[in-house]
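# Fold and contact review
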Amino acid sequence: VQLQASGGGLVQAGGSLRLSCAASGRSFSSYTLAWFRQAPGKEREFVAAIKRYGGGTFYGDSVKGRFTISRDNAKNTVYLQLNSLKPEDTAVYYCAADRNTISSTVSYTSAYDHWGQGTEVTVSS
């Protein structure tokens, strides 16, 4: 599967954005999908994941209650709604996909074989 992320931009603190990640290929519903982010000089950080076949959602502690991940299998797209944005949310956001990810590993970058190119989010104070 190939992934194409979009929707990033510049937003003021407290604002919202919605990121999209469109996938090509077949059997989209069989993939666990995730969003990670990487700020300058920092390691890639888990943001959110949504299991295949309606298996549930997972969030990083720093975004719980503010971000929402969802998927539209008919459109082969995963979304990340970002609300109540903070300057520390500034990063490049990457989408990822894998068929074999299990619940205990959703937050690990090594659990995903397929990655999008990233979309940049900048939150101004």
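As a starting point, this report considers the structure included with it. (Residues numbered from 1 in each chain as written. Predicted model: local features only at pLDDT ≥ 70, side-chain atom pairs only at ≥ 80, totals over all residues. Heavy atoms only, no water.)

What follows is about unusual backbone geometry. Generally, phi is negative for residues other than glycine and the peptide bonds are trans, each holding for most cases. Even without being glycine, N76 reaches a positive phi, approximately 55 degrees. Of note, N76 is situated in the loop between β7 (67-72) and β8 (77-82). The class for N76 is buried, based on a relative accessible area of 19%. (Helix = DSSP H or I, 4+ residues; strand = E, 2+ residues; numbered from the N terminus. Buried < 20%, exposed > 50% of the residue type's maximum accessible area, 1.4 Å probe, protein only.)

On to the packing of aromatic side chains. Evaluated as defined, the whole model comprises four aromatic pairs. Taking the centre distance of 5.6 Å and the plane angle of 75 degrees together, the rings of F36 and Y112 count as edge-to-face. Residue F36 is found in strand β4 (residues 32-38), and its partner Y112 is found in the loop between β9 (91-98) and β10 (114-115); the two are separated by 76 residues along the sequence. Each member of the pair, F36 as well as Y112, carries the same accessibility label: buried. Summarising the aromatic geometry, the rings of F36 and W115 are spaced 5.2 Å apart at their centres and angled 55 degrees between planes, so their arrangement reads as tilted. With F36 in strand β4 and W115 in strand β10, this pair connects stretches of sequence that are 79 residues apart. What makes F36 buried here is its relative accessible area of 0%. According to the relative accessible area criterion, W115 is partly exposed, its value standing at 27%. (Phe/Tyr/Trp six-rings, centres within 6.5 Å; stacked < 30°, edge-to-face > 60°.)

Next up on the list: the state of the cysteines. Where two cysteines share a covalent bond between their sulfur atoms, that bond is called a disulfide. Tallied over the entire structure, the rule returns one disulfide. The disulfide bridge from C21 ends at C95, spanning 2.1 Å between sulfur atoms. Sign of the S-S torsion, about 60 degrees for the bond between C21 and C95, identifies this disulfide as right-handed. Placement of C21 in strand β3 (residues 17-24) and of C95 in strand β9 is noted, with a sequence separation of 74 residues between them. Accessibility expressed as a relative area gives 1% for C21, which makes it buried. (Disulfide = S-S within 2.5 Å.)

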